[in-house]
Structures are given as structure tokens and as C-alpha cells.
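# Structure assessment
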Amino acid sequence: MTFRSALLLAAAFAGFAAAPALAADAVATVDTTEVAVVNNADLIIELGAGVSTQPAYEGSSDYIVSGYPIVGLQYLNIPGIGAIGSPDESYGGFKIAPSFRFIDKRNAADYPELFGTRALDETYQLGLRAGYEFPLYETFNAEIYGEARYAFGEAEGFVGGAGIDFISRPNEQWTLKLGPRTTFASAEYMSTYFSVTPIESLASFGRLGAYDAGSGFKTVGAAASARYEFRPNWFVNANAAYERMIGDAKDSPIVKVGSEDQFFAGIGLSHRFTLDLF
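Overview of the structure. (Residues numbered from 1 in each chain as written. Predicted model: local features only at pLDDT ≥ 70, side-chain atom pairs only at ≥ 80, totals over all residues. Heavy atoms only, no water.)

This part is about the overall build of the protein chain. Along the protein chain, the regular secondary structure elements total seven helices and eleven strands. Burial statistics for the protein chain: of 278 residues in total, 42% are counted as buried. Taking as baseline every contact in the protein chain between residues at least 6 positions apart, the subset at least 24 positions apart corresponds to 62%. Accessible surface for the protein chain amounts to roughly 14,200 Å². Of this, 63% is attributable to carbon and sulfur atoms. (Helix = DSSP H or I, 4+ residues; strand = E, 2+ residues; numbered from the N terminus. Buried < 20%, exposed > 50% of the residue type's maximum accessible area, 1.4 Å probe, protein only. Contact = heavy atoms within 4.5 Å. Areas by Shrake-Rupley, 256 points an atom, 1.4 Å probe, with all protein chains shown as cover.)

Put into C-alpha cells, the structure is as follows:
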């Protein structure tokens, strides 16, 4: 497969416009045997999409359903520079991948408990996730990871997280992950979603006290995921997570009228592309 056609395949898959035809062509033409991967692969990337349920806003007790992208970089080899990851996923090593999140708008007209607060537009977060996976037992690995993103839109500032994933691959089809994690944010970001100005407090008739949120840890919790390869290079992905607000986020009047407990769950479909770039 040429570089140009591979890029077209990846772009079409991400756009969904011609996904069925192009994905079928990728399965038919890409040689993904172990020998081919080891000898020819310069890039192994996983692309897909899914649907998830998550809190309607940070600290909410209401939930919404929305779509989300799946983007995973398994292996990148640049001749003369070096490689990231491994053609054999179970081998582990250093990994780097994009990290992003979308925070939907928040309007007191939709959530009566926030009466008096100003409306917030969407926030976009873009950054990187880096981790190192190492073996513990024959089919049991662990990964220590961290991620950092810059938020822009309604909120600005830096957000991030860190955690440990314990990974089990009982066979070639299944990958199971479970582990603790924590998130944190800068003062600018925390203030947007957790502070209450004196004017907002008055507008709420005192139901929400004035509050100034600072930087620091935002949540602690745990996450689990399962991935099943139901046909070569095609995966079903399922995930769930629980987070509990801590620090200035927990003490916010926004969270006190919502919930300290935040739950997430999702399911999606993805395809792994193996490309010979050089």
C-alpha cells in the first residue's frame, strides 16, 4: 500500500463518509501477518468511534450520551531517528498518543440547580498521553502513564491526569485493563467550572455561595476497559470509569448541588491500520 492511499484510507475512516468501502479495501490489501508487521510496518495506528454516557457537566448528577473518537498510536518508526512503541502490542515499552476531550456547553436554563450562574460555551482540550508498559508475568503487564492537555474555548488553562493500568492479554483477541487514576487542573480551568462569583451567588438568591476555586487535584478514581478483536484488525472497545471529586472541586457549590461521584461508560468500534511509509 502506498503512503498516499494509506492516508486517504485513514482520513476516510475518520470522516465516516466512505468508511465501509475503504475499510473493506484495507482488510483486503494490507498484509498484517507477524512477519509483515515486523519487517515492513512504519506506522501502526488504530482509528474508530463510539458512544458514551458521562456527566452533563463537571460535577453534575445528570448524564448525557455523546459520541467520541478512538485514536491510538501503537507503533511509529522513523528511520534514522528511532521508534515509539512496538509492532507486537504485548511487548510494551514507551508509548505516546494524542489526548483530547470535549466539554459541552453548560446553561442554567437546562439545569435548575445552577440557577443564577452564567452560561458557559464549549471547551476543547488537546494534548498528549505518554506511558511506559512493562511485563509483570507472562500475560500480565502494567503501564504507568500521564497526560497533559491545553484547554481553550470557554475555559483556558492546563488539565491532565496520571494513573496505572494493570493489563491482561489472556489470548490474542482480548486486552483487559484496570487501574487507579487521578486528574488535576490549573486555576484558570478550575475557576471556570467550579467558582461562583458574588454576582452569581446573589442571582441564585444565596442558594450558591460565592466561591473561588484554585488549582490542584480534581478527581481520584479507577477505570477499566476491554477490547476484543472479533476479526483481523477490527475491535470492539468497552470502557467504564468512576471518579470522585476532591480538593477545591469537591468544595465547590456547583458540585454540592450536583454530585461528587462521576461515572463514565462507553462502547465503540475501531480498526487498526498497518502502514509502510518509508
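A separate point is the pairing of strand 1 (residues 43-55). Within strand 1, ten of the 13 residues are buried, which leaves it mostly tucked inside the rest of the structure. Pairing between strand 1 and strand 11 (residues 261-275): eleven bridges, direction antiparallel. By the bridge assignment, L43 is partnered in strand 11 with L275. (Pairing = 2+ DSSP bridges.)

Another point: unusual backbone geometry. For F205, which is not glycine, the phi dihedral falls at a positive 60°. By the element assignment, F205 lies in the loop between helix 5 (198-203) and strand 9 (216-231). Owing to a relative accessible area of 72%, F205 belongs among the exposed residues under this scheme. A positive phi is found at N233, a non-glycine position, where the angle reads about 70°. Considering the arrangement of structural elements, one finds N233 in the loop between strand 9 and strand 10 (234-245).

Taking strand neighbours across the sheet as the criterion, the eleven strands line up as 3-2-1-11-10-9-8-7-6-5-4 in an open arrangement whose pairing is antiparallel. Each having just a single partner strand, strand 3 (82-85) and strand 4 (93-103) make up the two edges of the open sheet. Across the sheet, the mean angle from the axis of one strand to that of its neighbour is 20°, orientation sign disregarded. (Axes fitted to C-alpha atoms, helices over the stretch in contact; angles between N-to-C directions.)

If you walk through the whole model with that rule in mind, you get 14 salt bridges. For E46, the salt bridge goes to R227, with nearest N and O atoms at 2.4 Å. Note that E46 is positioned in strand 1 and R227 in strand 9, a separation of 181 residues in sequence. Here E46 and R227 have matching classes, each one buried. R244 is the partner of D261 in a salt bridge, and the nearest nitrogen-oxygen pair spans 2.6 Å. With D261 in strand 11 and R244 in strand 10, the pair connects residues that are 17 residues apart, well separated along the chain. (Salt bridge = Lys/Arg side-chain N within 4 Å of Asp/Glu carboxyl O.)

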